[in-house]
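# Examining the three-dimensional arrangement
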Amino acid sequence: MSNIGSYEERVKNFGWSIAEKELDYKDGDVINIGWYCSDRICDMGKADKVALHWEGMGGKTKRYTFDQIRINSNKVGDFLRSLGIQAEDRVCLFMDKIPELYISFLGGLKIGAIVQPLFSAFGDESLHVRLENAETKAIITQRKHIAKVRRLLDKSPYLKHIIVVDSDERKPLREREVAFDLESYPEPKNFRIHPTKAESPSVLHYTSGTTGQPKGVKHVHYSLISQYLTTKWVLDLQDDDIYWCTADPGWVTGTSYGIIGPWSLGTTQCVLDVGFSAESWYKFIEKYKVTVWYSAPTAIRSLMKAGDEIIKKFDLSSLRHLASVGEPLNAEAVVWSEKVYGHPFLDTYWQTETGSMMLTNFPGMKIKPGSMGKPFPGITAAIVDPKTFEPYSEHGKIGLIAFRPGWPAMMRTYWNNEETYQAKFKNGWYLPGDRAYIDQDGYFWFVGRDDDIINTGGHLVSPFEVESALLEHEAVAESAVVSKPDEVNMEVVKAFVMLKPGYEIDDMLELSIMNFIRKKLSPLAMPQEIEYVEKLPKTRSGKIMRRLLHAKEWGEEIGDTSTLEDD
Amino acid sequence: MEDMKEIVLEYVIDEYLEDEDDEISYDTPLISGGIVDSFSMVSLKRFLEAKYKISIPDEKATPEAFDSVNKITDLVKEFVK
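Along chain A, the regular secondary structure elements total 17 helices and 28 strands. The globule rule puts the C-alpha radius of gyration for 567 residues at 24 Å, and the 23 Å found for chain A is close to it. Principal-axis analysis of the C-alpha atoms places the extent of chain A at approximately 75 × 60 × 50 Å. Looking at chain A as a whole, 62% of its 567 residues are labelled buried. For chain A, the share of sequence-separated contacts (at least 6 apart) that also reach a separation of at least 24 residues comes to 69%. Taken as a whole, chain A presents about 22,000 Å² of accessible surface, with 49% of it coming from carbon and sulfur.

Our next topic: the packing of helix α9 (residues 224-233) of chain A against helix α10 (residues 252-264) of chain A. Packed helix pairs are characterised by how far apart their axes lie and by the angle those axes make with each other. Residue and element names in this part refer to chain A. At a closest axis distance of 8 Å, the pairing of α9 and α10 adopts a crossing angle of 80°. Taken together, α9 and α10 sit at an angle that is classed as roughly perpendicular. Here L224, S226, Q227, Y228, T230 and T231 of α9 lie close against α10, whose contacting residues are S256, Y257, I260, G261, P262 and S264. Its residues placed into classes, the contact of α9 with α10 shows five nonpolar, seven polar and no charged.

Looking now at a negative patch on the surface. The grouping of D3, E6, E10 and D14 of chain B at the surface amounts to a negative patch. Here D3 of chain B is to be found in helix α1 (residues 2-16).

Turning to the packing of aromatic side chains, a few remarks are in order. We describe a pair of aromatic rings using the distance from one ring centre to the other and the angle between the two ring planes. Using the criterion set out here, one finds 39 aromatic pairs over all chains in the structure. On the basis of an interplanar angle of 75° and a centroid distance of 6.4 Å, the ring pair of F66 of chain A and W263 of chain A is categorised as edge-to-face. In this pair, F66 of chain A is assigned in helix α5 (residues 66-82) and W263 of chain A in helix α10, connecting sequence segments 197 residues apart. In this pair, the class of F66 of chain A matches that of W263 of chain A, namely buried. Three or more aromatic residues joined by ring pairs form one cluster here, namely W244, F276, W281, Y282, F284, Y288, W293, F314, W336, Y341 and F345 of chain A. A cation sits over an aromatic face here: R404 of chain A above W429 of chain A, 3.9 Å from the ring centre. A cation sits over an aromatic face here: K5 of chain B above Y26 of chain B, 5.3 Å from the ring centre.

Before going further, it helps to examine the pattern of salt bridges. If you walk through the whole model with that rule in mind, you get 42 salt bridges over all chains. Measuring nitrogen to oxygen at the nearest pair gives 3.7 Å for the salt bridge that ties K520 of chain A to E125 of chain A. Here K520 of chain A, found in helix α16 (residues 507-520), pairs with E125 of chain A, found in helix α7 (residues 124-134); they are 395 residues apart in sequence, far enough to count as distant. With a closest N to O distance of 3.2 Å, K45 of chain B and D58 of chain B form a salt bridge. On the criterion of sequence distance, the pair formed by K45 of chain B in helix α2 (residues 41-52) and D58 of chain B in the loop between α2 and α3 (69-79) is long-range, its members being 13 residues apart. Taking the relative accessible area as the measure of exposure, K45 of chain B reaches 12% and is therefore buried. On the accessibility criterion, D58 of chain B (59% relative accessible area) is exposed. Within the structure, one salt-bridge network assembled from shared partners comprises K484, K494, E529, E531, K552 and E553 of chain A.

This part covers the packing of α16 of chain A against α2 of chain B. As a packed pair, α16 of chain A and α2 of chain B sit with axes 9 Å apart at the nearest point and diverge in direction by 160°. Comparing their axes, α2 of chain B and α16 of chain A come out roughly antiparallel. Judged by the twist between their axes, the crossing of α16 of chain A over α2 of chain B is left-handed. Touching D507, M508, E510, L511, M514, N515 and R518 of chain A of α16 of chain A are V42, S43, R46, F47, A50 and K51 of chain B, all from α2 of chain B.

With the exception of glycine, most residues fall at negative phi, and the peptide bonds are largely trans. Residues and elements named next belong to chain A. Phi angles above zero are rare outside glycine, and K289 is one such case at about 55°. Of note, K289 is situated in the loop between α11 (278-288) and β12 (292-295). The backbone phi angle of N416 is positive, close to 55°, even though this residue is not glycine. Considering the arrangement of structural elements, one finds N416 in the loop between β19 (413-414) and α14 (418-422). Overall, N416 belongs to the exposed group, its relative accessible area being 62%.

Residue and element names in this part refer to chain A. Taken across its ten residues, strand β27 (residues 490-499) has nine buried, putting it largely inside the fold. Pairing of strand β26 (residues 476-486) with β27 involves ten bridges; the strand directions are antiparallel. Within the sheet, the bridge partner assigned to P485 lies in β27 and is E491. What sits between the antiparallel neighbours β26 and β27 is a turn of three residues. Relative to strand β28 (residues 529-532), β27 runs parallel, the two being bridged by four bridges. Bridge pairing in β28 places V497 opposite Y532. Taken together, β27, α16 and β28 constitute a β-α-β crossover, and its handedness is right-handed.

This paragraph deals with the sheet that holds strand β11 (residues 268-272) of chain A. All names here are of chain A. As summarised here, the arrangement of the nine strands in space is β2-β1-β11-β10-β12-β13-β14-β15-β16, forming an open sheet in which the pairing is mixed. In this open sheet, the two edge strands, each paired with only one partner strand, are β2 (61-65) and β16 (374-375). Two strands pair when backbone bridges link them, and strand β1 (residues 50-55) and β11 are joined in this way by four bridges, in the parallel orientation. For W54, the partnering residue across the bridge sits in β11 and is V271. Contacts from α10 reach β1, β10 (242-245), β11 and β12 within the one sheet, and its direction differs from that of β10 by about 165°.

Turning our eyes to something else, we now look at the nonpolar core. In this structure, F105, I140, W263, Y294, F376, F403 and W407 of chain A are the most contacted members of the largest nonpolar core, which totals 97 residues. Counting 45 residues, the second-largest nonpolar core is a separate cluster that includes I139, A475, A495 and V497 of chain A.

Attention now goes to the interface of chain A and chain B. It is common to report an interface's size as the accessible area lost on association of the parts. Chain A puts 27 residues into the contact, and the matching count from chain B is 23 residues. Broken down residue by residue, the surface that chain A buries against chain B is led by K144, L511 and Q528 of chain A, which jointly contribute 21%. Inspection of the region where chain A meets chain B yields four salt bridges. Among the ionic pairs, E15 of chain B bridges to R518 of chain A, the shortest N-O distance being 2.9 Å. Scanning the region where chain A abuts chain B turns up nine residue pairs in polar contact (both at pLDDT 80 or more).

Cut-offs and rules
- Residues numbered from 1 in each chain as written.
- Chains lettered and ligands numbered in written order.
- Predicted model: local features only at pLDDT ≥ 70, side-chain atom pairs only at ≥ 80, totals over all residues.
- Heavy atoms only, no water.
- Helix = DSSP H or I, 4+ residues; strand = E, 2+ residues; numbered from the N terminus.
- Rg over C-alpha atoms; globule rule 2.2 N^0.38 Å.
- Buried < 20%, exposed > 50% of the residue type's maximum accessible area, 1.4 Å probe, protein only.
- Contact = heavy atoms within 4.5 Å.
- Areas by Shrake-Rupley, 256 points an atom, 1.4 Å probe, with all protein chains shown as cover.
- Axes fitted to C-alpha atoms, helices over the stretch in contact; angles between N-to-C directions.
- Parallel < 35°, antiparallel > 145°, perpendicular 65-115°, else oblique.
- Nonpolar A, V, L, I, M, F, W, Y, C, P; charged D, E, K, R; others polar.
- Patch = residues over 30% accessible without salt bridge, like charges linked within 9 Å, V, L, I, M, F, W, Y side chains within 5 Å.
- Salt bridge = Lys/Arg side-chain N within 4 Å of Asp/Glu carboxyl O.
- Lys, Arg positive; Asp, Glu negative; His and termini not counted.
- Charge placed at Lys NZ, Arg CZ, Asp CG, Glu CD.
- Phe/Tyr/Trp six-rings, centres within 6.5 Å; stacked < 30°, edge-to-face > 60°.
- Lys NZ or Arg CZ within 6 Å of the ring centre and 35° of its normal.
- Left-handed = near helix turned anticlockwise from the far one by under 90°.
- Pairing = 2+ DSSP bridges.
- Right-handed = clockwise from strand over helix to strand, strands pointing away.
- Core = buried A, V, L, I, M, F, W, Y, C linked by side-chain atoms within 4.5 Å.
- Buried area = accessible area lost by both parts, 1.4 Å probe.
- Polar contact = N/O pair within 3.5 Å; in protein donor to acceptor, adjacent residues only side chain to side chain.

Spelled out as structure tokens, the structure:
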């Protein structure tokens, strides 16, 4: 029997109080995610249960019980306090998927700090703008990433402490840098957890915007309520499950469902911190007997590409429930996964701003491959007219996905950008920026983004950010960035580039532009293709018409070109 | 061949290795070792194509074929005239 039981019954009798009751939370109580994910689980008699199986390069392994997670997160909190970090100070986590990342996440929350996890592959500029925007006071990182942080120091006046979790004599520490060793740090006596309340800020995740800089999505400790219940009902985690969320906590899936959801339920989870290969993933599932697997369409399509034969080399019979997030999961992948693993990947739809799952396929529900499923109980979802923002009553009509605000994990604002936050709401609906339709059975079907944002491998990339960075390359006069189709990543970044006079097109120049963006922004933002043009399509007012370039890449109708400037 | 290995190794160290204190060899796993991610692999492929004036078909440019300097040079050798 699945945790959700009957979807229809749950919808009929739903209230977020279900989660509040299970978590012993009452309105006005202290609620601290760090405590809920460690101390509370220990208090429930699971102190010795394994919380984390970790495996890194070269087969290196580590294992932590819930009690060890509790003690170690207290150590992080104690150390941060000793540096003068206070409630609501921003603490950035800039690490690979090592245990210190997961433990520091809880440690930061326990002292009431706002935790700001950032993807460790971010380049200099991507890291800098996010630290500056948040006025981040401390960053916890590894020796391997410290060179990147050092390059920003002169222009990061707010950054007071650079905490290195694996410092050694090979790289002597400099000013503002401090070593922190989780194992040797003494267990703090009488560690005090900060009495955060429902609306106390917790996590700041950054997401790309169509124009301007990335936006800091502010979440609060009350988000736990919907993260707990969606994990329980959609991922169906049960007491004896071994769970693997493949997402990096630099992105929201890696925190909402890679830390908060599973650990607030007291579930054992596994983390693999090596690069992707079908063989290493299957070996990992076999070794740890993973039962519930939450992954992303890009990874699933890469596994499809690796073929069916390799699967026969491994015993994957422990798997019982699979789910996917990040971008729409194509029907072929759903059908294929059922064929080869015996279970289909169930698609879930949500985003950084929603903080928890919104539309999902549930255990036991009839699956329509390619569909995002139905709204989570308690979520009012609709497809609205893009002009009037009134819900469509007809089935099959394409419009904007819309949600009635009010679920616990909804973002509370964009950091220092209330205006952009307010613009996300129209006619009382929150608009995530995607187009879809609803079929006659109430299933939602994804159609596409409603803006220029590129979703590559489940990660959002802003064309504006890439274009701005391209202009800083010595050879680039002007550029336009759009998505182009990609078999594995759904879409990838493509740049149309006008060169400055005196520069000739050649392969090394193209490579130089690609690497420039990779290091400045991130590998995700690096154009996978560059097309040189003599002119970019613009409106008469001089605005680049990305729409025309996008249509060309996707083989779509160009549409209205009446505003295109004349030759 | 040794030259090619050295050139590729040096390029990987210069472009992709974050910690200059780390040491890598011709056999160090690059993709499965997390040194070069799948997105960055495209730039590594472009480097090889530009440097050796070859064209590597996409179906040959797999994560497995790019997983070490030794494997990469084996692949490049197939296309160098």
